[in-house]
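Coordinate inspection notes
Residues per chain, in single letters:
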Amino acid sequence: MIPRILVRLEVLLQHMEHSFPVLFGTKPPPSIVSLVASNSSVPISSNSVEPFSLKDLIGDGFLWAVPRNRRTIEKRLKRKFGHPDYVWKLIKPKTTLRTCNQCGHDYEVGLLCPHCYDKVRKETELIQEKIQKELGLDPVDKEVIVLYDGEKGEKPNEQWNGKRIVEMQRPRPMWFSKNLMQKTTQPAATTEEAKPNELG
Amino acid sequence: MNQAEVSKLMSQLRVSIPKKPRRLRNPDGPEGRLNKLRKTVSALVKHERIELNSARAHEARGYAERLISEAIRHGDCHKATMDMANFWMVEKQLVHKLFKVLAPRFVNCPVSYTRMYKAPRQYPGPVTEIRRAVLELRGNPYPPVKPDMTQNRNLIHNVLLDEAKKQYRYEKYAQIAAKLTAGESKAEAKSTESADGNQKEHTATVEEPVDTKEEK
Amino acid sequence: MNSVKSHFLRLSTKNNVTKISKKFLSTIEEQGRRSELFSLEQERQKQNVGRIEKIEVRYLGQPNDTTLVMNKGLSTPYNCAQHLTLLHCNRSALALVDNHTPWDMHRPLEDSCTLQLLHFTIADPHLVNKVFWRSCSFMLGAVLQECFKDEAQLQLHSFPSPSVKSGSFVHDIFIKEPSWTPNKDELRTISAEMIKLAAKNLKIERLDVSYDLALEIFKTNPYKKEQLPFIKRSSKAGTVTVYRVGNHVDISRGPMISSTRQLGRCTITSVHRIASENNGALYRVQGVALPVGFIINHVAYGILEDRSKKLNSARFPHEPYEDAIVNMIA
């Protein structure tokens with residue numbers, strides 16, 4: 001009990017000590033730190049208090065106009081990152097990329113696969129060049145059929161009747177199937193004999 | 001009034017044509033635009049597959065479709081059509097191709113005569129990149145641009161559909177055969193009035209479908 | 001070996017395996033028991049591999065041919081696909097070892113070999129189609145096992161060798177209900193369960209187990225117990241091949257697809273009663289399915305559904321001659 005009362009009394013005394021100079025306009029006594037400092041080196045020029053003036057800061061110079069208000073956080077963020085609906089400055093992830101089922105390269109949805117199309121384009125250009133060389137300036141009155149190496153002898157000449165044959169002097173590319181163009185009424189091959197027995 | 005004939009007065013195209021023509025920019029104005037389109041349509045008929053700017057391809061596509069459909073409808077003895085072909089084909093040997101090759105090729109074509117694909121873009125390309133397109137005539141001799149899934153009859157859905165079709169036909173044949181045999185047996189029954197005509201009919205219906213299958 | 005022993009110890013303390021013969025188990029508990037046995041055997045076989053040797057797997061196909069150095073007896077074709085791309089992992093349904101042997105995606109490779117990964121849209125998908133059809137039958141079994149209440153006393157009988165051309169995949173079951181004709185809602189529920197199973201993306205695992213273990217696994221199923229001796233006789237090593245999806249374990253000759261996710265559209269269309277058995281009957285459940293990514297017109301799919309309703313004439317389970325049994329279990 002007694003020590004607590006003593007502590008409270010001490011605190012009260014301290015408060016009074018601090019509030020005296022404020023109430024009666026006397027200067028507060030120098031703190032301990034300043035005492036140490038004064039002991040060591042420069043004495044404090046305590047009496048000479050001058051009113052603050054801008055001129056002290058500026059001297060001979062002059063002041064520019066400066067922003068009077070702080071920019072809001074929204075505006076600062078918008079300046080930095082843009083707006084997602086209008087101008088968005090960061091990198092956006094592209095969600096329209098897919099992997100081609102044929103070649104495994106990436107392509108954009110709705111567009112042709114660059115790798116597959118490149119292959120087709122090169123072959124097409126070769127064929128087109130060859131056809132134009134063969135036909136020249138003659139009037140075109142027959143369908144054109146493109147055959148690769150060793151394909152002309154496969155069928156009798158009557159099959160190509162009424163069609164103009166353009167031969168490419170190279171083997172047929174693996175990916176360009178011969179059967180795609182030919183319509184047939186024959187039934188699909190019965191694969192029963194080729195069935196592996198292990199499967200059951 | 002014969003209302004059914006009205007639809008035959010116009011070429012029916014299988015591609016959608018925009019209401020207003022595209023304003024393709026050209027230093028020579030509308031005339032220059034037409035000249036450019038003439039060149040494009042001629043190139044399409046000549047090469048059967050071309051790669052060009054998407055907008056011009058789409059614009060030229062409509063003209064090419066209309067031209068082929070006119071050629072199919074009127075043939076080469078129709079003066080207006082011939083004039084039109086003469087206008088659109090810059091190289092005159094292509095007029096022959098239009099009437100002698102393309103018209104017979106597309107006579108029974110139930111879908112559009114041309115196809116258009118979006119060509120792949122360059123990465124990383126400019127933001128204001130001009131989109132390219134591939135325009136081609138159907139039935140061309142070149143390798144297909146897109147893999148054709150319908151051709152491979154070994155894919156599982158094609159196998160299932162083919163078998164369903166086979167079974168449907170088989171059932172139809174069986175029905176027809178049953179009807180025929182029923183008719184025959186009735187006639188038989190009338191002529192001979194035998195008691196065991198029913199049994200004969202039964203056996204006949206069982207055997208008949210097998211025969212039809214073999215004939216197929 | 002020690003860890004296997006400790007496993008058994010743990011199980012016996014839990015009374016999970018040891019007391020099974022003494023009490024009646026519900027379907028879920030029974031499935032859990034089978035799955036547990038499967039896991040233990042799998043773990044044991046993995047530890048039997050011992051010192052890990054390296055094998056060279058020559059991969060042939062897209063994007064380019066490569067040689068992969070893998071672990072003998074541990075690495076599966078799926079692991080090889082993981083070295084390639086995500087696309088390969090997701091779409092590959094079956095692996096082809098040395099150009100002729102079909103190999104499950106989750107079956108460890110046993111020696112240096114060439115490897116091809118097959119999917120549903122290759123030029124000649126005959127093999128993959130068959131494997132897909134078999135997996136559908138297997139998954140149907142897994143679904144049926146969970147759909148029925150314990151009172152129905154469902155016992156899976158078997159499923160015949162798959163034939164895509166027949167138009168429907170099949171699973172034969174026994175229910176203690178002499179004449180059950182499912183209504184539309186019941187069929188739709190089973191179909192929905194199939195789709196749910198597909199969405200779970202469970203991998204289908206394969207294991208060759210000894211005859212005794214197979215007997216232990218399937219001791220509560222009288223039909224499987226009957227079939228096991230024939231299967232043992234027909235296989236060269238005297239082992240039985242079992243497959244697991246989720247908790248469901250079944251006998252099958254295999255191979256199967258890699259994951260249940262590869263099942264796309266699926267409908268269970270009909271249930272036919274094929275024979276009566278003690279206080280119940282054998283039923284043939286039929287359905288039709290397409291792999292994921294195959295989109296066909298709903299009218300066309302309707303035609304396929306209609307066709308699959310007809311009774312599939314594949315080998316019936318109650319047919320008398322015994323040679324049939326070996327062929328019966330696909």
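Residues numbered from 1 in each chain as written. Chains lettered and ligands numbered in written order. Predicted model: local features only at pLDDT ≥ 70, side-chain atom pairs only at ≥ 80, totals over all residues.

The condition that has to hold: UniProt positions are given in the numbering used here, feature names are shortened, and annotations may be inferred rather than shown by experiment.
As recorded in an unreviewed UniProt entry, chain C goes by Large ribosomal subunit protein mL39 and comes from Pseudolycoriella hygida. Taken from UniProt, the Subcellular location (unreviewed entry) comment for chain C reads in full: "Mitochondrion". Looking at the Sequence similarities (unreviewed entry) heading of the UniProt record, one finds this comment for chain C: "Belongs to the mitochondrion-specific ribosomal protein mL39 family."

As annotated in an unreviewed UniProt entry, chain A is Large ribosomal subunit protein bL32m from Pseudolycoriella hygida. Recorded in UniProt for chain A, the comment headed Function (unreviewed entry) runs: "Component of the mitochondrial large ribosomal subunit (mt-LSU). The mitochondrial ribosome (mitoribosome) is a large ribonucleoprotein complex responsible for the synthesis of proteins inside mitochondria." According to the UniProt record, the Sequence similarities (unreviewed entry) comment for chain A reads "Belongs to the bacterial ribosomal protein bL32 family."

1. Considering helix H6 (residues 184-200) of chain C
Every α-helix carries 3.6 residues per turn, so stepping three or four residues along brings you back to the same face. Residue and element names in this part refer to chain C. In plain terms, the rule: Only DSSP runs of H or I with at least four residues qualify as helices, and only runs of E with at least two residues qualify as strands; both kinds are numbered from the N terminus onward. Expected helix span is given by 1.5 Å per residue-to-residue step, counting one fewer step than there are residues. We call a residue exposed when 12 or fewer other C-beta atoms sit within 10 Å of its C-beta, buried when the count reaches 20 or more, and partly exposed for counts in between; the C-beta positions come from the backbone. Starting at the helix axis, one direction is taken to each C-beta atom, and the arc is that of these directions.
With 17 residues, H6 ought to run about 24 Å at 1.5 Å a step, and its terminal C-alpha atoms sit 24 Å apart, in line with that. For H6, the set of buried residues is Ile-190, Met-194, Leu-197 and Ala-198. In a view along the axis of H6, the buried residues occupy a sector of 105°, so they form one face of it. In H6, the exposed positions that point more than 90 degrees away from the buried face belong to Lys-184, Asp-185, Lys-196, Ala-199 and Lys-200. Downstream of H6 by one or two residues, Asn-201 has phi in the positive range, about 55°.

2. Some words on the packing of helix H5 (residues 126-147) of chain C against H6 of chain C
All names here are of chain C. We count it as follows: Note on method: axes are straight lines fitted to C-alpha atoms, helices fitted across the in-contact stretch only, with angles between N-to-C directions ranging 0 to 180 degrees. Note on convention: the crossing is left-handed when the near helix lies turned anticlockwise from the far helix by less than a right angle, right-handed when the turn is clockwise. Each residue is represented by a C-beta atom placed from its backbone, and any two residues with such atoms within 7 Å are regarded as in contact.
Relative to each other, H5 and H6 sit at 120°, their axes nearing to 9 Å. Like other packed secondary-structure pairs, H5 and H6 cross with a definite hand, here right-handed. In contact with Met-139, Leu-140, Ala-142, Val-143, Leu-144, Glu-146 and Cys-147 of H5, H6 contributes Thr-189, Ile-190, Glu-193, Met-194 and Leu-197.

3. What to know about the UniProt feature "domain: Threonyl/alanyl tRNA synthetase SAD" (unreviewed entry) in chain C
Following the UniProt record, one finds the feature "domain: Threonyl/alanyl tRNA synthetase SAD" (unreviewed entry) at residues 240-286 of chain C. Across residues 240-286 of chain C, helical content stands at 0% and strand content at 68%; the span's end C-alpha atoms are separated by 26 Å.

4. Quick word on the interface of chain B and chain A
Note the cut-off: Only Asp, Glu, Lys and Arg are considered charged, only Ala, Val, Leu, Ile, Met, Phe, Trp, Tyr, Cys and Pro nonpolar, and every remaining residue, Gly among them, polar.
At the junction of the two partners, chain B supplies 23 residues and chain A supplies 27 residues. Elements that contribute at least two residues to the side of chain B that touches chain A include exactly helix H4 (93-106) and strand S2 (114-118) of chain B. In terms of residues, the side of chain B that touches chain A owes the most to one element, H4 of chain B, which gives six residues. The residue makeup of the side of chain B that touches chain A, split by class, is 11 nonpolar, four polar and eight charged.

5. Examining the sheet that holds strand S11 (residues 263-277) of chain C
Two pairing modes exist for strands in a sheet, parallel and antiparallel, and in both the strands are linked by backbone hydrogen bonds. All names here are of chain C. To keep things clear, this is the line we draw: For two strands to count as paired, DSSP must find a minimum of two bridges between them.
Overall, antiparallel pairing links the four strands, which are arranged S6-S7-S12-S11 in an open sheet. With one partner strand each, in any of the chains shown, strand S6 (155-158) and S11 form the two edges of the open sheet. Adjacent strand axes in the sheet meet at a mean angle of 30° when their direction is disregarded. Summarising the sheet, strand S7 (residues 169-175) and strand S12 (residues 280-291) pair through seven bridges and their orientation is antiparallel. Counted as the bridge partner of Asp-172 is Arg-284 from S12. Contacts from helix H8 (residues 222-234) reach S6 and S7, with the element oriented near 30° to S6. Seen against the sheet, helix H9 (residues 298-308) touches S11 and S12 and runs at an angle of roughly 160° to S12.

6. Concerning the nonpolar core
The criterion, for reference: Note on terminology: a nonpolar core is a set of buried residues of type Ala, Val, Leu, Ile, Met, Phe, Trp, Tyr or Cys, with members joined through C-beta atoms within 7 Å. Marked domain ranges trace back to an automatic or database domain assignment.
Judged by nonpolar contacts, the single largest core of 72 residues is most densely connected at Leu-94, Met-139, Met-194 and Val-242 of chain C. At 11 residues, H5 of chain C tops the list of elements feeding residues into this core. Both of domain 1 (54-118) and domain 2 (127-328) of chain C provide at least three residues apiece to this core. The residues touching Met-194 of chain C, leaving out its near neighbours within four places in the chain, are Met-139, Leu-140, Val-143, Leu-263, Cys-266 and Ile-268 of chain C. Counting residues in hydrophobic clusters, the runner-up holds 34 residues, among them Val-120 of chain A together with Leu-44, Ala-71 and Ile-72 of chain B.

7. Some details on the sheet that holds strand S2 (residues 66-71) of chain C
All names here are of chain C. Strand order in this open sheet of five strands is S2-S1-S5-S3-S4, and the pairing throughout is mixed. The open sheet has two edge strands with one neighbour each: S2 and strand S4 (101-103). Averaged over neighbouring strand pairs, the angle between their axes works out to 35° when direction is ignored. Pairing of strand S3 (residues 94-97) with S4 involves three bridges; the strand directions are antiparallel.

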